[in-house]
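What follows is each chain in one-letter form.
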Amino acid sequence: MITEYINDIKREFNGYGKTGLSKDLMAGLTVAAVALPLALAFGVSSGATAASGLITAIIAGLLIGALSGASFQISGPTGAMTAILILLVSKHGLNGMFIATFLAGLMLILAGVLKLGRIISYIPSSVITGFTSGIAVIIALGQLDNLFGVSSKGDHALVKLMSYATDGFHPHLPTLAIGLFVVAVMALWPARWNATFPSSLASLILVLILNRFLQLDTPLVGAIPKTLFLADRLTLASLSPGDFGTFMMPALSIAALAMIESLLCGAAAGKMKNEVLSADRELVAQGIGNVVIPFFGGVPATAAIARTSVVIKSGGVTRLAGIIHSVVLLLSMFLLAPVMSAIPLSALSGVLIVTAWRMNDWENIRFIFGHRFKSGIAKFAVTLCATVVLDLTQAIVAGVLFSTVLFVARLTDLDVDIREVDRKRLEEIGIHLTDDPCHIRVAYLTGTIFFASVDKLKAQLSDLDRASVLILSMRGVPVIDLSGIQALNELIRELQQSGTTVLLTSVQPKVMANLIRGGIGELIDERCVFSSAEHAIVYAHEQHPDCIEPEAAI
């Protein structure tokens, strides 16, 4: 992995010069303008502080960006992670979040070393889309307090929402006005301007100017320390192995979400830049970053698709663009701290609500619902609801399990198509029978024969009117399990006892090997196994030339 990293760095900076540096510089400045308001907002919405979000963006851009599995990944605090952190902080405080982040970093490093980077490919796209939309709902619900200037009770988004009905809901109009103003500016901001001057940054600047004159009584971000080491941060003394068990599940949730977000971001952005992400190395980089960040007082970091796409579209050439974005954020913290401390919290809530709306994968949602894929809609809905109601890791597990159940159910849909012999079709391919083969039936099997489809197979083949020969065409059977083999043997034995000759045709090699191991050779002679249904029909007609009733054949 180290050798691969060194080789990638050499290729990345091969021929690098002033032109590349100027492109990275402009891309870094652009993505910093996008990242600044988001870092502040995600820090606050995580249950920490705006400074924590800013520290995370700085350290992640420097450390994870330098070690990343690709040249384009921009990491930092994200909206999806806030859904986990707000609950974690409310239960265990900031130190609990720091410990869980540290453990999650170790888990990510281990996942990278064990080469688990491809695990994301086993999660259905509709599950990921539902998961993302569920997170968007949680983010939006989590911003209602700051947006309306109210307070709620509870440690879950839905519990807080219900507390408005029991404890009263009295919005603070000036606070709400600021939040709605930010939402309106971001929604109406022309797309062509957004590429050079992000709507989120523009809306915050306008709010600062307005509030400078209006002096509205609304909660502000508060003081932002001019230091990389915050007062609230992880220390070696606070790392007690005895506490690790308490934070193992939250850490697993953070690690799982970081893995999903980072690998999805890398896959999507890699297509934009025509560059393949080294998934395992990306996990190690994310792990190292999340091990280090808590010691500065930051929140968990992952790769962010919005900021990553900005750096690519802005012409970023190498990972230096991400490092430059961190340096710009660092300078902003020292130079603009007094300005950022005056930002109203409701303005950041407005930014996050619009961000939550935009983070939905609307293209995929329209595809799923527009084409009416029932299974996709069901997976999306189940995962979305599970994400809102349950823990995020449980939501992913629920979505994958539900998808597995649907897949297994689809496998049980064994199709058994029983047909009489079509003499005209045989004549078209040069096979001429002397008389009508009315005593021969061909059963075309399509699907997997296993324990869940055995009953259907028995039911379909139990009633063969006037057939003395049954040809089982199994070209469409890719897999047969032990239960299927036992059921097929039993069925063949019953048919033979009733006077029906059974022939096999077009059996796939792996299926045939399993049938032989299961003793099919004791029931059917190898001369009764054919490569095509046509050959089997000719053989059956030669051996049973008369159109007779099964009873007469006994």
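For the structure, see preceding data.
Residues numbered from 1 in each chain as written. Predicted model: local features only at pLDDT ≥ 70, side-chain atom pairs only at ≥ 80, totals over all residues. Heavy atoms only, no water.

Peer 1: I keep staring at the overall build of the protein chain and nothing clicks. Help me out?
Peer 2: Scanning the protein chain for helices and strands turns up 25 helices and 7 strands. Its C-alpha atoms put the protein chain at 105 × 65 × 55 Å along the principal axes. Burial statistics for the protein chain: of 554 residues in total, 49% are counted as buried. For the protein chain, the share of sequence-separated contacts (at least 6 apart) that also reach a separation of at least 24 residues comes to 85%. When the accessible surface of the protein chain is summed, it comes to about 25,900 Å², and 63% of that surface belongs to carbon and sulfur atoms. Charge separation in the protein chain, taken as the distance between the mean sites of 38 positive and 40 negative side-chain charges, equals 14 Å. (Helix = DSSP H or I, 4+ residues; strand = E, 2+ residues; numbered from the N terminus. Buried < 20%, exposed > 50% of the residue type's maximum accessible area, 1.4 Å probe, protein only. Contact = heavy atoms within 4.5 Å. Areas by Shrake-Rupley, 256 points an atom, 1.4 Å probe, with all protein chains shown as cover. Lys, Arg positive; Asp, Glu negative; His and termini not counted. Charge placed at Lys NZ, Arg CZ, Asp CG, Glu CD.)

Peer 1: Just to check I follow, could you spell out the pairing of strand S5 (residues 469-476) for this structure?
Peer 2: Consecutive side chains along a regular strand alternate between the two faces of the sheet. Judged by how many residues are buried, S5 sits mostly within the fold: 6 of 8 residues are covered. With 6 bridges connecting them, strand S4 (residues 440-446) and S5 associate as parallel partners. In the strand pairing of S5, Val442 is matched with Ile471. Pairing geometry for S5 and strand S6 (residues 501-505), over 5 bridges, is parallel. (Pairing = 2+ DSSP bridges.)

Peer 1: I'm lost on helix H14 (residues 320-335) in this one. Help?
Peer 2: Residues that lie three or four places apart on an α-helix share one face, since the helix turns once every 3.6 residues. In a regular helix each residue adds 1.5 Å, so 16 residues correspond to 22 Å; H14 covers 22 Å between its end C-alpha atoms and thus fits that length. Of all the positions in H14, only Ala321, Gly322, Ile324, His325, Ser326, Leu329, Ser332 and Met333 are classed as buried. Buried residues belonging to H14 abut helix H2 (18-45), helix H3 (50-67), strand S1 (75-76), helix H13 (305-313) and helix H15 (337-340). (Expected span 1.5 Å × (residues − 1).)

Peer 1: Is there a simple way to explain the pattern of salt bridges in this structure?
Peer 2: A side chain with one charge may pair with a side chain of the opposite charge, provided their charged atoms come close. One pass over the full model with this rule turns up 5 salt bridges. Between Asp8 and Arg11 there is a salt bridge, with the nearest N and O atoms lying 2.1 Å from each other. Pair noted here: Asp8 and Arg11 are both in helix H1 (residues 2-12), with a separation of 3 residues, about one helical turn. Taking the relative accessible area as the measure of exposure, Asp8 reaches 18% and is therefore buried. We classify Arg11 as exposed; its relative accessible area is 56%. Between Asp417 and Arg419 there is a salt bridge; the shortest N-O distance is 2.7 Å. We classify Asp417 as partly exposed; its relative accessible area is 26%. It is possible to trace a salt-bridge network through shared partners that takes in Glu4, Asp8, Arg11 and Arg281. (Salt bridge = Lys/Arg side-chain N within 4 Å of Asp/Glu carboxyl O.)

Peer 1: Would you explain the environment of Ala303 in this entry?
Peer 2: Among the structural elements, Ala303 can be located in strand S2 (residues 302-303). Given a relative accessible area of 1%, Ala303 falls into the buried group. Sequence-wise, Ala303 and Ile109 are 194 residues apart; in three dimensions their C-alpha atoms are separated by 15 Å. Residue contacts for Ala303: discarding those within four places in its chain leaves Gln73, Ile74, Ser75, Thr78, Glu261, Ser262, Cys265, Glu282 and Gln286.

Peer 1: Any chance you could explain the packing of helix H10 (residues 199-214) against helix H16 (residues 345-359) here in plain terms?
Peer 2: Helix packing geometry: the angle between the two helix axes and the distance between the axes. The geometry of H10 relative to H16 is characterised by a closest axis approach of 10 Å and an angle of 160° between their N-to-C directions. Our classification of the angle between H10 and H16 gives roughly antiparallel. In this structure, H10 meets H16 at a crossing whose hand is right-handed. Between H10 and H16, the contacting residues are Ser199, Ser200, Ser203, Leu204 and Val207 on the first element and Ala347, Leu348, Val351 and Arg358 on the second. Here the residues of the contact of H10 with H16 are counted per class, giving 5 nonpolar, 3 polar and 1 charged. (Axes fitted to C-alpha atoms, helices over the stretch in contact; angles between N-to-C directions. Parallel < 35°, antiparallel > 145°, perpendicular 65-115°, else oblique. Left-handed = near helix turned anticlockwise from the far one by under 90°. Nonpolar A, V, L, I, M, F, W, Y, C, P; charged D, E, K, R; others polar.)

Peer 1: I tried to follow the layout of surface pockets on my own but got confused; where do I start?
Peer 2: Take a probe with the size of a water molecule and roll it over the atoms, and the empty space left behind shows itself. Reported here for the largest pocket is a volume of approximately 1,800 Å³. In terms of residue count, the dominant contributor to the lining of the largest pocket is helix H11 (residues 248-273) (9 residues). Residue composition of the lining of the largest pocket, grouped by class: 28 nonpolar, 15 polar and 7 charged. (1 Å grid on protein atoms, 1.4 Å probe; cavity = no way out; pocket = protein on both sides within 12 Å on 5 of 7 lines; lining within 4 Å. Points joined across faces, edges and corners; volume = space filled by probe spheres on them.)

Peer 1: Could you clarify how one ought to interpret the packing of aromatic side chains in this entry?
Peer 2: Think of a pair of aromatic rings as described by two things: how far the centres are apart, and how the planes are tilted against each other in angle. Under the definition given, this model contains 11 aromatic pairs. Centroid distance Phe148 to Phe169: 5.2 Å. Interplanar angle 65°. Geometry classified as edge-to-face. Placement of the pair is Phe148 in helix H6 (residues 144-148) and Phe169 in the loop between helix H7 (157-167) and helix H8 (173-188), with a sequence separation of 21 residues. You can call Phe169 partly exposed: its relative accessible area is 32%. (Phe/Tyr/Trp six-rings, centres within 6.5 Å; stacked < 30°, edge-to-face > 60°.)

Peer 1: Can you walk me through the sheet that holds strand S3 (residues 415-420) in this structure?
Peer 2: Note on sheets: strands pair through backbone hydrogen bonds, and any given pair is parallel or antiparallel. Read from one edge to the other, the open sheet built from 5 strands follows the order S3-S4-S5-S6-S7, with strand pairing classed as mixed. Strands at the two margins of the open sheet, each flanked by one partner only, are S3 and strand S7 (529-530). The sheet contacts of helix H21 (residues 454-461) involve S3, S4 and S5, and relative to S3 the element is tilted by about 15°.

Peer 1: Teacher, can you tell me more about unusual backbone geometry here?
Peer 2: Excluding glycine, residues mostly carry a negative phi; peptide bonds, for their part, are mostly trans. A positive phi angle is found at Lys115, which is not glycine, with a value near 60°. Along the chain, Lys115 falls in the loop between helix H4 (79-113) and helix H5 (125-142).

Peer 1: Sorry if this is basic, but what is going on with the nonpolar core here?
Peer 2: Across soluble globular proteins, you tend to see nonpolar side chains buried next to one another. Judged by nonpolar contacts, the single largest core of 95 residues is most densely connected at Leu54, Ile224, Ile254, Leu329 and Ile343. Among the elements that line this core, the one with the most residues is H4, at 16 residues. For Ile254, the residues in contact, after removing those within four places along its chain, are Met81, Ile84, Leu85, Leu88, Ala100, Thr101, Ala104 and Pro300. Within the second largest apolar cluster, 37 residues are counted, among which are Val421, Leu472, Leu488 and Ala536. (Core = buried A, V, L, I, M, F, W, Y, C linked by side-chain atoms within 4.5 Å.)

Peer 1: Explain the pairing of S6 to me, please; I cannot follow it from the model alone.
Peer 2: Among the 5 residues that make up S6, 4 are buried, leaving the element largely enclosed by the rest of the structure. Crossover connection from S5 via helix H22 (residues 482-497) to parallel S6: handedness right-handed. Where S6 and S7 come together, 2 bridges link them in parallel fashion. Looking across to S7, one finds that Leu504 is bridged to Val529. You can see the chain leave S6, run along helix H23 (residues 509-517) and come back into S7, and the turn it takes is right-handed. (Right-handed = clockwise from strand over helix to strand, strands pointing away.)

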